[in-house]
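Close look at the chain arrangement
Here is how the chains run, residue by residue.
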Amino acid sequence: MRSSQYLLSTLKETPSDAEIVSHQLMLRAGMIRREASGMYTWLPTGLRVLRKVEAIVREEMNKAGALEVLMPMVQPAELWQESGRWEQMDAELLRFKDRHQRDFVLGPTHEEVITDLVRKEISSYKQLPINMYQIQTKFRDERRPRFGVMRAREFLMKDAYSFHLSQECLEKTYQTMYQAYSNIFTRLGLDFRPVLADTGAIGGAVSHEFHVLAASGEDAIVFSDESDYAANIEKAEALAPTTARPAATAAKTEVATPNAGTIAEVSALLKVDACQIVKTLLVHAAKADEKAPQTLVALVLRGDHELNEIKADKHPLVASPLTFATEAEILAATGANAGSIGPVGLSIPVVVDRSAAVLADFVCGANKTGFHLTGVNFDRDIPTYEVADLRNVVEGDPSPCGKGKLVIKRGIEVGHIFQLGDKYAAAMKAGVLNEEGKHQIMTMGCYGVGVSRIVAAAIEQNHDEYGITWPAAIAPFQVALVPMNMHKSVRIQEATEQLYKELMAAGIEVLFDDRKERPGVMFADMELLGVPHHIVIGERNLDERKVEYKNRRTGEKLLLNLDEVLATLQQQLK
RNA sequence: CGGUGAUUAGCGCAGCUUGGUAGCGCACUUGGUUUGGGUCCAAGGGGUCGCAAGUUCGAAUCUUGCAUCACCGACCA
């Protein structure tokens, strides 16, 4: 490709609304342009990278025995009504009507469509297992799109769905997919980790996420420093402390804490460490039955701990989805403002985190605005309560696997695999005849890869002060030809044209910068784009029939004879 | 959806307080200059100042409403 016939569209300045480095570099390198919030046009350079990611995903899926299909992006509402997700999913599901006033959705995922397909096409156990996938645009009307294509509303995803008669068979395909995903991210040249994950709204029992490690990652993932345990923080269990609760020694005392509402303020005012204070969060309670008015539940945590909303959401007393009480509800239930509430004397159920439950003589709100209690003890002062795991683990906690302590890192979720079970197949009555000739509901797995997100994640992990330093497998071009002042020198032009022809003939993806630009402009653009191998052709070395090779990532430079350029590059590209 | 902020040329921004019909840098066009790290000089093209209404002789500037965008939070395949 000659850059004079290409759309480089590089920017010298960083657009002001791009926050993270991958978004900034994708804009500056001319890879994407925003069309609306969370919706992007992929320019030629961006699309080249996207297609390479796609190709690797496709190859590995095919190798793993999955069959490629292409399902419609626009889906009829009836399927979603049948699975129950028409009601379950909120505004994230973009709904609209056609000219006949029939309801449709823009597909955020394809469990419904694939299940519908399979129940029509597959009728015998002999056709199972089957694993089908597609690489397609998804639309999720995110409340808050951000970070460019990292969290876009419209994005490219590879989604696969497998169907089985037995759990054993599902587990086998799950393992195959786990391996295929590891192969994909290894080939992409990314530093990634598979971690145990929560199954979330999609349902199912067992699930792993594949994370690319990056400081800008939206997810916290935890590792054991002594075993291979790794999990999303949402999923990681905080074990109950092994130490017994000390005996109560202090009397319950009310102290005035005017203007001290937060844990930090109370801690400073009373000179008590945050881990001896408990915080109380009021959330809406699960309805006992349709007639019961929705009331509240108090969640009690140590002052230095954070609520894990997934765990709270799953607690039987707590309404799902988890919602916090309003100021007015808090006042009505406790008689105090949010900054002064505590578990003593409440008339609503109290659920205490395991770590908070072993505290003695602790501090909490007095349920009286502007006052706290010191010397508070469970059982003595709070007769009825329940203990549960409610908090996020913190660094240094014992690993749930029993070996080692936890370390926390940040990750970008680029893949997610689920053992779904029969959730969709049962709701949509997708079954086959088994060996006994009886109708049996199938069990499902589903497996997603965020193809467009991978492009951003790869940049988060591979950049420097000059621009992108692509892993070899997904660079938009393999080699940049950078002639110095070609328009002034016939022999440079001839040498470069010759090299271009030679490299193209060898099947190498070359970007030939034939613009009438100064050297600095060309160097800056080729580095911004992150082309891995640069060949600089200048008068200086041409006297000895030599050109300069430069490696984008390592900065390594070599002087090459003109006739050894191709062989050297082929060696580098291996 | 709550909070905060923004919206003036393709990009980055100034002008707004104190109303008088728009400017700077980059990019773009032309000519020259320079040529191994985003040269320099000159001339030029490009803007219904997000939209609408209001106040006013006069609005980018003041008022009101709306829209869009971003960030923080909530939410989340």
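These numbers come from a predicted model, not from an experiment.

1. Considerations on the overall build of chain A
The secondary structure content of chain A amounts to 15 helices and 30 strands. The principal-axis extent of the C-alpha atoms belonging to chain A is close to 95 × 70 × 50 Å. Counting all 574 residues of chain A, 51% fall into the buried class. By sequence separation, contacts in chain A at least 24 residues apart represent 68% of the contacts at least 6 residues apart. Carbon and sulfur atoms make up 51% of the accessible area of chain A, which amounts to about 26100 Å² in all. In chain A, 65 positive and 77 negative side-chain charges are present, and the distance between their average locations comes to 3 Å.

2. Quick word on the nonpolar core
If you look at the biggest cluster of nonpolar residues, it comprises 64 residues, and the most contacted ones within it are M31, Y181, F185, L188 and W470. Filtering out sequence-adjacent residues up to four positions away, F185 remains in contact with L190, F192, F210, V414, G415, V449 and I454. Listed in part, the 27 residues of the second largest apolar core include V105, V118, L128 and Y161.

3. What about the sheet that holds strand 13 (residues 253–256)?
The antiparallel open sheet is built from 3 strands, whose spatial order is 13-18-17. Both edges of this open sheet fall to strand 13 and strand 17 (362–365), since each of them pairs with a single strand only. Between one strand axis and the next, the sheet turns through 30° on average, direction left out of account. Relative to strand 18 (residues 371–376), strand 17 runs antiparallel, the two sharing 3 bridges. Counted as the bridge partner of G365 is H372 from strand 18.

4. Details of the pairing of strand 6 (residues 103–106)
Across 3 bridges, the pairing between strand 4 (residues 74–76) and strand 6 is antiparallel. Considered in strand 6, the bridge of Q75 is made with V105. Here strand 5 (residues 95–97) pairs with strand 6 via 3 bridges, running antiparallel. Each residue of the ladder has a partner; that of R95, found in strand 6, is V105.

5. Focus on the sheet that holds strand 14 (residues 278–284)
On the basis of which strands lie adjacent, the open sheet formed by 4 strands has the order 14-15-16-19 and mixed pairing. Each having just a single partner strand, strand 14 and strand 19 (386–388) make up the two edges of the open sheet. Strand-to-strand twist across the sheet, computed as the mean angle between neighbouring axes with direction ignored, equals 30°.

6. Section: the environment of R119
Along the chain, R119 falls in helix 5 (residues 111–121). With 313 residues separating them in the primary sequence, R119 and V432 have C-alpha atoms 7.8 Å apart. In contact with R119, other than residues within four places in its own chain, are L79, E82, M428, K429 and A430. Here the side chain of R119 touches E82 through a polar contact of 2.6 Å, side chain to side chain.

7. Some words on the packing of aromatic side chains
Per the stated rule, a full pass over the model turns up 11 aromatic pairs. Between the aromatic rings of F185 and F210, the centroid separation amounts to 5.8 Å while the plane-to-plane angle is 35°, which identifies the pairing as tilted. With a gap of 25 residues between them, F185 in helix 6 (residues 167–187) and F210 in strand 10 (residues 206–213) connect regions that are remote in the sequence. The same class applies to F185 and to F210, which are both buried. One cation-aromatic arrangement involves R95 over W86; the distance from NZ or CZ to the ring centre is 4.7 Å. In this structure, K368 packs its charged tip against the face of F371, placed 4.4 Å from the ring centre.

The rules behind these values
Residues numbered from 1 in each chain as written. Chains lettered and ligands numbered in written order. Predicted model: local features only at pLDDT ≥ 70, side-chain atom pairs only at ≥ 80, totals over all residues. Heavy atoms only, no water. Helix = DSSP H or I, 4+ residues; strand = E, 2+ residues; numbered from the N terminus. Buried < 20%, exposed > 50% of the residue type's maximum accessible area, 1.4 Å probe, protein only. Contact = heavy atoms within 4.5 Å. Areas by Shrake-Rupley, 256 points an atom, 1.4 Å probe, with all protein chains shown as cover. Lys, Arg positive; Asp, Glu negative; His and termini not counted. Charge placed at Lys NZ, Arg CZ, Asp CG, Glu CD. Core = buried A, V, L, I, M, F, W, Y, C linked by side-chain atoms within 4.5 Å. Pairing = 2+ DSSP bridges. Axes fitted to C-alpha atoms, helices over the stretch in contact; angles between N-to-C directions. Polar contact = N/O pair within 3.5 Å; in protein donor to acceptor, adjacent residues only side chain to side chain. Phe/Tyr/Trp six-rings, centres within 6.5 Å; stacked < 30°, edge-to-face > 60°. Lys NZ or Arg CZ within 6 Å of the ring centre and 35° of its normal.

Scope: geometric values only; no functional claims are made or implied.
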